[in-house]
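Fold and contact review
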Amino acid sequence: PGIYVCARCGHELFSSHAKYEHSSPWPAFTETVHEDSVSKRKERPGALKVSCGKCGNGLGHEFLNDGPKRGQSRF
């Protein structure tokens, strides 16, 4: 339980309250802690490249419409 932060700068990214089980080996979240927690840019259809909103450290992807509920995204 708690807040997941950027390994590089400590910026708050995700809460354990938004974490859920997914088939991927990485933690999966439905939302960020703050609106400015991450920055996003389109990488390919259905996926955005996600970086720390403070320092730009690469965090992976946001997969659109791939969350636990219809219409939710998965980070």
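Parameters and conventions
- Residues numbered from 1 in each chain as written.
- Predicted model: local features only at pLDDT ≥ 70, side-chain atom pairs only at ≥ 80, totals over all residues.
- Heavy atoms only, no water.
- Helix = DSSP H or I, 4+ residues; strand = E, 2+ residues; numbered from the N terminus.
- Buried < 20%, exposed > 50% of the residue type's maximum accessible area, 1.4 Å probe, protein only.
- Polar contact = N/O pair within 3.5 Å; in protein donor to acceptor, adjacent residues only side chain to side chain.
- Phe/Tyr/Trp six-rings, centres within 6.5 Å; stacked < 30°, edge-to-face > 60°.
- UniProt positions renumbered as here; feature names shortened; annotations may be inferred.

Here's the deal with the side chain of Asn57
As for its position among the elements, Asn57 is in the loop between β6 (47-52) and β7 (58-63). Assessed through its relative accessible area of 17%, Asn57 is described here as buried. A polar contact of 3.4 Å, which involves the side chain of Asn57, links it to the side chain of Arg8.

Side note on the packing of aromatic side chains
Scanning the entire structure with this criterion turns up three aromatic pairs. Both rings, one in Phe14 and one in Phe29, keep their centres 4.5 Å apart while their planes meet at 10°; by these two values the pair is stacked. Here Phe29 lies in strand β4 (residues 28-29) and Phe14 lies in strand β2 (residues 12-15), a separation of 15 residues in the sequence. Aromatic pair Phe14 and Phe75: ring centres 5.4 Å apart, planes at 55°, arrangement tilted. One end of the pair, Phe14, is in strand β2; the other, Phe75, is in the segment after β7, with 61 residues separating them in the sequence. Summarising the burial analysis for this pair, Phe14 and Phe75 share the class buried. Site record: aromatic cluster; members linked through ring pairs are Tyr4, Phe14, Phe29 and Phe75.

Remarks on the UniProt feature "domain: MsrB" (unreviewed entry) in the chain
According to UniProt, the feature "domain: MsrB" (unreviewed entry) maps to residues 1-75 in the numbering used here. Across residues 1-75 one finds 0% helix and 40% strand; the C-alpha atoms that close the span lie 17 Å apart.

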